[in-house]
Amino acid sequence: MQELGTIERIAALYRDETHPAALRLCVAILFGGVLGATLLGRAGEVWSRPAAAFVLIASAVPFFVLGSIARRRRDPRAVMEATVMHTEPELARRALRAMHLAEQTEDEPDRGSPELAQLHFARTLGKVSLVRVAERAAQRAWSLTGVGLVAAGLAFGVVIVDPFRVVEGVDVLAARDGVAPMPVRWVEVTRIDAEPPSYLQLPRGRVRPYLPTVLYVGTTVTVHAAPLRDGRRLVLTDGAREVPFADDGEGTLVAKWEVEGDADVKVAARFGGVVVPEPRGLAIHGQVDHAPFVSLGGAPATLPLLDQPRIPIHWEAQDDHGLREVALVLRAGDEEVRRTLSKPKSGLVDRGGIDLSSDDAFLRDSYLPVEVTVEALDNDPVNGPKWGRSAPLVLMPPQIGEREALRYAALKAARDALIDELARRMDLDELVASTEEVAQKRIRNTFEKVFDDDWGGLRLSGRIAALARGQLERLDTSAKKAIAKRDLDALVGATEEALLAVDSGLIALGTNDTRASSRKLADVAMETATAIAIGVDPSQRQRSERLVNAYLTVLDNGGGFLVHLGRLGRDLGELVDNGVRRIERPLKAGDRYHARLAAEDLAARLRNPVPSFGAAGGGGHGHGGGVESGGMPQPGQGEASEAAEQAAGLEQALEELRQEHEQQMRKVEKALRDALPAEEREAMNQRMRELAQKVRDAVKELPQQASDPGSARASAARARAQAEAMAGALERGDVSKAIEQGEGALQNLDQAQQRGRKAPAESAEREVGDQAGEAKKDLEDLVQQGSKAQQDMQKAASEGASGPLQEAADGEEALAERARKLQRRSQQGQAPLPQAMLDRLGEAARAMERAAKKLGQKQGAEGQKAQREAQRMLEMAQPESESDGPKNSPEGADGRDFARDANVPPEARDKRAEDFRQRVTDGLGREAPPHLKDALRRYTEGLLR
Amino acid sequence: MMRAFWLTVLLVLTWSSSATALPLDAERGRLAVLDLDFAAAHRILDGGDSPDVVIERARLAIYEGHCDEAQTLLERPDLEDDDTLNLLFAVAKGCARATAGTVVMKDEKAGVWVRFQDDEDRALFPLLVKTATEARAALTNDLGASLPNPVKIDLVRDQFALAAHTGLPEEAAQTTGTVAVAKWGRVIMISPRATEDGYPWADTLAHELTHLVVSMATRDRAPLWLQEGVAKRQEVRWRPLTRFDDVPSPDAVAWEGIEAGIALPLTGLGPSIAMLPSPEQATVAFAEVASFVRYWVKENGEQALPKLLVAIKELPRDGKVADAIKEVSGTSFADWEKRWRAHLAATTPKAPAELSPTQALPASGLIAAKKRRLAQLLQSREHHHAAQTQVEGARELFPRDASLRCMHAVSLRGLGRETDAAAALGTKDDILRPTGRWWSMHDFFELGKGDPQARSLAVGREPYNPPVACQELAWGELPEDRVMRILCQAARRVPRE
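Conventions we followed
- Residues numbered from 1 in each chain as written.
- Chains lettered and ligands numbered in written order.
- Predicted model: local features only at pLDDT ≥ 70, side-chain atom pairs only at ≥ 80, totals over all residues.
- Heavy atoms only, no water.
- Helix = DSSP H or I, 4+ residues; strand = E, 2+ residues; numbered from the N terminus.
- Rg over C-alpha atoms; globule rule 2.2 N^0.38 Å.
- Contact = heavy atoms within 4.5 Å.
- Pairing = 2+ DSSP bridges.
- Axes fitted to C-alpha atoms, helices over the stretch in contact; angles between N-to-C directions.
- Phe/Tyr/Trp six-rings, centres within 6.5 Å; stacked < 30°, edge-to-face > 60°.
- Buried < 20%, exposed > 50% of the residue type's maximum accessible area, 1.4 Å probe, protein only.
- pLDDT = per-residue confidence, 0-100.
- Parallel < 35°, antiparallel > 145°, perpendicular 65-115°, else oblique.
- Left-handed = near helix turned anticlockwise from the far one by under 90°.
- Nonpolar A, V, L, I, M, F, W, Y, C, P; charged D, E, K, R; others polar.
- Domains from an automatic or database assignment.
- Buried area = accessible area lost by both parts, 1.4 Å probe.
- Salt bridge = Lys/Arg side-chain N within 4 Å of Asp/Glu carboxyl O.
- Disulfide = S-S within 2.5 Å.

(A) Fine view of the overall build of chain B. Each helix and strand in chain B was counted, giving 24 helices and five strands. A compact globule built from 497 residues would reach a C-alpha radius of gyration of about 23 Å, and chain B, at 25 Å, matches this within 12%. Its C-alpha atoms put chain B at 95 × 55 × 40 Å along the principal axes. Counting contacts in chain B only where the partners sit at least 6 residues apart, residues at least 24 apart contribute 63% of the total.

(B) Local environment of the sheet that holds strand β17 (residues 349-357) of chain A. Residues and elements named next belong to chain A. In space, the three strands of this open sheet follow the order β12-β14-β17, with antiparallel pairing throughout. Edge positions in the open sheet fall to β12 (293-296) and β17, since each of these has one partner strand only. Averaged over all pairs of adjacent strands, the angle between strand axes in this sheet comes to 20 degrees, irrespective of strand direction. The sheet contact formed by strand β14 (residues 310-318) and β17 spans nine bridges and is antiparallel. Counterpart to Pro312 in the pairing with β17 is Asp355.

(C) Representation of the packing of aromatic side chains. All names here are of chain B. The full count for this structure, using the stated rule, is 15 aromatic pairs over all chains. Relative to Tyr63, the ring of Phe38 has its centre 6.3 Å away and its plane inclined at 75 degrees; by these criteria the two rings are edge-to-face. Taken together, the residues span a long stretch of sequence, with Phe38 in helix α3 (residues 38-45) and Tyr63 in helix α4 (residues 51-64) at a distance of 25 residues. A relative accessible area of 18% places Phe38 in the buried class. Centre to centre, the rings of Phe244 and Trp439 are 5.9 Å apart; their planes meet at 80 degrees, and the pair counts as edge-to-face.

(D) Focus on the confidence of the model for chain B. For chain B, per-residue confidence averages 90 on the pLDDT scale, and 96% of positions sit at 70 or higher. Every residue in residues 16-22 of chain B is under pLDDT 50, and counting partners more than four places away or in other chains gives ten contacts.

(E) Layout of the packing of helix α19 (residues 712-732) of chain A against helix α21 (residues 764-800) of chain A. Residues and elements named next belong to chain A. Where α19 contacts α21, the axes come no closer than 9 Å and their chain directions differ by 25 degrees. On the basis of the axis angle, α19 is roughly parallel to α21. Between α19 and α21 lies a crossing whose hand is left-handed. Contacts between α19 and α21 pair Ala712, Arg713, Ala716 and Met726 from the former with Glu765, Val768, Leu779, Leu782 and Val783 from the latter. Residues that form the contact of α19 with α21 fall into these classes: seven nonpolar, no polar and two charged.

(F) A look at the domain arrangement of chain B. All names here are of chain B. Considered domain by domain, chain B is made up of domain 1 (2-98), domain 2 (103-355) and domain 3 (364-493). For domain 2 versus domain 3, the separation of C-alpha centres amounts to 30 Å. Contacts between the two partners involve 26 residues from domain 2 and, on the opposite side, 22 residues from domain 3. For the domain 2 and domain 3 pair, buried surface summed over both sides reaches about 2,000 Å², with 64% attributable to carbon and sulfur atoms. Per-residue buried area on domain 2 facing domain 3 is highest for Ala123, Phe244 and Glu354; these three make up 28% of the total on that side. Viewed at the interface, domain 3 and domain 2 are joined by two salt bridges. Sorting the residues of the side of domain 2 that touches domain 3 by element identifies α7 (125-143) and α10 (201-218) as the ones contributing at least two each.

(G) A look at the state of the cysteines. All names here are of chain B. Taken as a whole, this structure holds two disulfides over all chains when the rule is applied. Residue Cys67 pairs covalently with Cys95 via a disulfide, S to S 1.8 Å. As the torsion about the S-S bond is roughly 55 degrees, the Cys67-Cys95 disulfide counts as right-handed. Taken together, the residues Cys67 in helix α5 (residues 67-74) and Cys95 in helix α6 (residues 83-98) connect sequence positions 28 residues apart. Relative accessible area serves as the criterion here: at 2%, Cys67 is assigned to the buried category. Covalent S-S linkage joins Cys470 and Cys488, the inter-sulfur distance amounting to 1.9 Å. Judged by the torsion about the S-S bond (100 degrees), the Cys470/Cys488 disulfide is right-handed. With Cys470 in the loop between α23 (466-469) and α24 (482-493) and Cys488 in helix α24, this pair connects stretches of sequence that are 18 residues apart. Like Cys470, the residue Cys488 is buried in the burial classification.

(H) Summary view of the pattern of salt bridges. Taken as a whole, this structure holds 101 salt bridges over all chains when the rule is applied. A salt bridge links A:Asp420 to B:Arg381; its shortest N-O distance comes to 2.7 Å. Here A:Asp420 is found in helix α10 (residues 402-426), whereas its partner B:Arg381 is found in the loop between α17 (364-380) and α18 (384-397) on a different chain. Looking at B:Arg381, the relative accessible area reads 35%, which means it is partly exposed. A:Asp453 is the partner of A:Lys449 in a salt bridge, and the nearest nitrogen-oxygen pair spans 3.7 Å. Using a relative accessible area of 56% as the deciding quantity, one classes A:Lys449 as exposed. Through salt bridges that share partners, A:Asp571, A:Glu574, A:Arg581, A:Arg585, B:Asp118, B:Asp119, B:Asp121, B:Arg122, B:Arg157 and B:Arg193 make up one connected network.

Structure (structure tokens):
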């Protein structure tokens with residue numbers, strides 16, 4: 001229609017005017033939306049992105065609306081509505097009616113003439129004022145433009161304060177995994193300080209920004225920075241850890257970073273869950289405090305203890321920063337013991353050396369291989385102190401029964417040598433003196449070698465050694481007589497008796513050792529059962545297997561050695577072998593229950609190490625009532641010699657005599673002590689205490705130890721020890737002992753003085769000698785004072801205790817008679833004691849008789865002196881106790897053991913006590929004759945009681 | 001009708017059990033166990049859960065040697081704590097421990113089952129089977145009762161295990177020198193390797209099997225004197241008798257014991273000869289019962305014994321064994337004892353001094369002991385000449401001692417004097433009582449023409465003595481017979497001085 005062209009003109013006129021403005025408004029809204037989205041996104045929270053997206057989408061909606069309007073305005077009616085309706089509403093309505101009519105007549109010609117309708121429409125349209133439409137359009141456009149400008153202005157206004165926030169918002173919105181893709185510089189770093197951990201004792205330092213640096217773990221890095229933009233939440237981060245900056249009140253920000261390891265530390269700004277890091281960071285290499293390195297001399301190695309009773313432990317421990325402790329660690333099976341070797345106060349290196357003895361309690365009680373390491377602990381407070389461990393020394397202790405088997409074999413060889421001699425003598429037709437003298441010497445040498453030998457610290461001692469020595473002496477004596485008389489029968493007879501006695505001793509040795517070893521094996525069998533039981537728990541299976549294998553090896557080896565210990569050893573050794581098989585059999589089949597039972601059965605059996613078959617009075621020889629009871633005895637099948645039994649009886653009788661005499665001594669001591677009234681006693685005690693202090697003062701300048709035993713220093717040290725002992729004895733009220741010690745100290749002081757005089761002038765030795773001389777003068781006087789005090793006390797006490805002293809005198813007489821009876825019993829029996837011991841016994845008897853006489857004469861002090869002499873002789877008359885320690889050890893097994901157990905007087909529980917103990921130990925450590933060892937032990941026991 | 005019904009029920013119950021008291025299953029089961037009829041015992045007891053039945057099931061398990069099972073059954077908390085339970089539990093526990101990790105061998109054909117506590121004793125298995133088989137046959141013939149299959153033997157290593165298995169206190173076993181016990185339906189005996197010189201294990205096995213038969217045949221009601229008397233009688237009857245079986249004669253030893261005042265009345269022996277306070281009293285006790293039973297059988301005939309066992313079994317619950325004796329023999333037990341003592345008093349038999357349990361060993365015994373030991377020591381170093389001198393001295397004091405003769409022969413052989421060695425060993429007329437080694441050397445010197453039993457008697461006493469097991473062959477050589485070869489190897493493995 002032509003008229004439509006008119007409408008198009010109207011629409012175009014309107015559109016040309018309003019569309020650009022509308023478009024500008026859309027753009028302004030979109031622009032505002034974008035800015036708003038970035039600002040929302042900058043929050044960095046979980047909701048930020050969805051909110052930003054919403055805003056962005058919402059800001060794009062006007063475009064869609066505009067497009068929709070444009071499409072709608074293709075319709076003439078819409079044009080009329082939007083344009084003429086606002087300028088000439090009545091005309092617009094008429095025009096719309098006319099259009100409607102025209103359309104109707106077009107569609108339905110019988111409604112009217114289409115031409116007339118068209119004409120009417122055209123005329124109506126012709127009346128529309130285009131000018132007014134244009135004005136309207138212009139107004140509209142201005143409105144839209146105004147709104148657009150306002151919108152744009154607002155958006156600008158929000159961001160103009162800090163336009164960078166938009167950039168931040170975009171960056172944050174684009175973040176992945178909480179890190180924005182575009183780094184931003186946030187601060188101007190002014191200073192970075194680094195403070196190492198205090199234990200390293202290193203000075204504080206500066207770190208250059210953005211350059212790689214090496215810092216110790218635990219170092220505190222302090223970053224001082226000036227922010228380039230305010231209002232940002234700034235942090236230091238390595239991506240895993242984060243430390244916030246804080247305002248220091250002076251306009252800069254500070255953050256402290258603790259070095260825990262390697263890290264690339266950057267300054268970053270945190271926006272909610274997103275960080276925007278700076279482009280450059282500080283690369284830190286965290287230097288770790290290493291565990292100490294420890295070297296142990298000779299390790300790794302495996303050493304058999306039997307051949308090596310002393311193991312030198314030389315160590316060197318190094319650490320990069322500092323050592324705190326060095327320890328010796330012993331491990332066997334599941335047992336572990338740690339002993340501190342040193343506690344370095346400072347320094348990076350610690351060295352030292354000790355000797356580990358085979359009679360160490362842990363080694364002695366272990367039959368499993370012992371792993372020895374030296375471990376060092378550093379002083380790292382940051383990650384905690386760490387232990388460094390050396391390579392191990394594996395010590396193979398002697399197996400149960402191994403040393404005993406060697407000892408048995410040695411004595412057996414000596415017995416066999418005696419058998420050979422007997423056979424030779426039995427085959428002689430006549431006795432040749434020189435030959436037999438040589439033979440006797442040969443026999444003696446053979447046995448002496450056995451007495452002198454040791455097997456991993458075990459020696460032939462005690463009752464069996466005494467029996468053998470006694471037999472040799474008797475044989476020697478008899479042989480001399482027989483040789484002198486050329487009496488071959490007598491010589492053969494004496495040799496037979498000696499052989500049977502030694503044989504009896506050998507059997508007894510084997511039996512005793514078998515019993516002792518069996519009990520130890522019983523413990524191992526029980527440990528085996530326990531180890532099997534823990535394997536029920538699958539998590540402990542490996543540990544169980546390891547332990548069981550170790551224990552079965554110990555049992556197997558132990559059984560193997562038992563069979564070399566005579567009759568009982570063969571019996572029980574076989575039993576142990578079978579016991580091991582009984583354990584292994586079910587274990588191999590996976591039957592832990594029966595394996596454990598078998599181990600328990602073996603343990604129960606070995607705990608009572610009697611022969612497998614016994615009959616009272618028969619000892620397994622088949623005595624009994626009949627078939628069911630093992631059969632009848634054979635004549636002549638009894639014991640060939642009772643030597644061992646008699647030796648045991650003698651030993652017991654001697655011990656009883658010793659104990660009773662000791663009790664007698666205590667009674668006399670108590671009687672004399674109680675004879676004085678309490679006030680007098682207290683006054684005397686006070687006097688003794690004062691004297692003791694003076695004694696200590698007199699020797700306090702003297703040295704406490706010395707390395708060269710032949711030096712003045714050593715003599716002075718010994719004197720000091722003895723003087724200290726004198727002081728201790730005085731404090732205890734044992735004045736006699738104190739005088740004894742004092743006299744010993746004076747001797748050593750004199751010796752020190754002499755040695756000092758021989759030393760060069762102004763040397764340390766000379767000085768010590770002079771000091772000893774001074775001390776000697778003081779001590780002499782003190783000893784005299786003590787002696788006088790003692791005499792006064794004794795005199796008073798003896799007068800007051802006459803009744804008990806007489807009783808004691810009678811007691812001493814009786815004991816002296818018993819001692820003589822024992823002498824006779826020994827000489828006449830099958831197990832004579834060695835002559836030296838018999839002589840001591842005789843001397844003891846004489847001393848007891850002297851004591852009886854003095855005590856009867858109310859001479860308490862003299863009586864006590866004689867009693868002490870008698871007691872000493874009694875102790876020397878006893879066979880030495882079973883010795884199980886290194887023969888040539890400078891400390892001596894007894895001395896070292898005793899020193900650990902010594903009871904230090906309460907008065908000296910300070911450093912002096914420790915020094916005192918050390919000196920006693922050193923003093924005891926000197927080699928003592930075997931027959932004096934027990935006496936020395938008891939003597940020192942009294943000293944330190 | 002109802003009355004007849006209930007009477008029938010009562011009869012059946014009575015017939016099926018010798019006890020009328022309830023609970024019947026437990027009692028019936030116990031009797032089946034005592035009869036060694038384990039199949040019947042299982043039928044009665046299996047599945048039963050009441051405390052009484054559980055105890056009998058445990059008893060059955062012990063008899064069968066299943067000690068673990070017995071221990072588990074007896075650990076139930078609802079069982080009444082009484083002597084029976086305590087005894088069974090102690091035995092089950094001890095046996096379970098003593099049999100852990102052991103080895104079992106069976107001869108199905110011979111019906112012999114042996115459990116070895118020491119697996120090295122497996123070398124004895126064929127000999128155990130042979131002895132058990134022959135002994136069982138003799139018992140069937142002599143006593144009219146047979147042990148069911150299998151016969152179970154526990155060969156243990158020591159008296160500790162013997163005590164654990166049986167409940168016999170270990171100290172008692174050591175006092176009397178007990179080597180074997182028949183208990184819980186089994187023979188528990190110590191391996192001959194447990195004693196230095198062995199012991200007559202074969203006769204001991206026969207002795208113990210006799211106990212099992214008598215227990216089974218009398219339902220465990222035979223008194224101790226009868227048990228031991230019959231066992232002593234039967235211990236040698238499984239094999240041909242030797243003249244030494246009666247040395248010393250039980251009559252002589254019994255008489256000496258009576259004269260010395262250490263003999264006990266036959267009914268006053270206590271629960272076990274093994275628990276008498278001394279080996280001498282045990283010896284006399286064994287001799288008394290052996291002498292009495294021998295006398296009684298001699299007076300009443302060979303068939304009297306089987307009849308007596310049956311009579312005892314059939315005694316009513318409160319019946320006395322004396323009644324059974326009177327029933328079988330026509331005379332009371334008390335009178336028999338009197339007659340027997342009178343018989344001894346009339347004959348006054350004497351035992352050789354060396355074998356008398358009541359006489360102290362002569363002083364020469366100590367001298368001989370010394371010389372014996374010196375000879376052993378000299379022989380160990382191969383000083384045969386000197387050893388021979390020592391042995392000769394001992395033999396002068398005890399010329400009929402078999403072991404001294406053996407030592408003498410060994411020394412002479414060591415000197416290469418074989419003929420002198422044979423002479424030194426002597427013949428059966430020259431010795432008082434042979435040892436295993438003596439029999440072995442006798443067989444060796446007689447070149448197989450001596451006593452046909454010599455070899456088996458030797459091994460029956462000292463199987464782990466290498467010269468005996470190896471038939472006097474040199475070290476390194478082995479017997480041809482497979483069984484003896486294995487035994488010889490086992491004997492050589494036993495640790496020796």
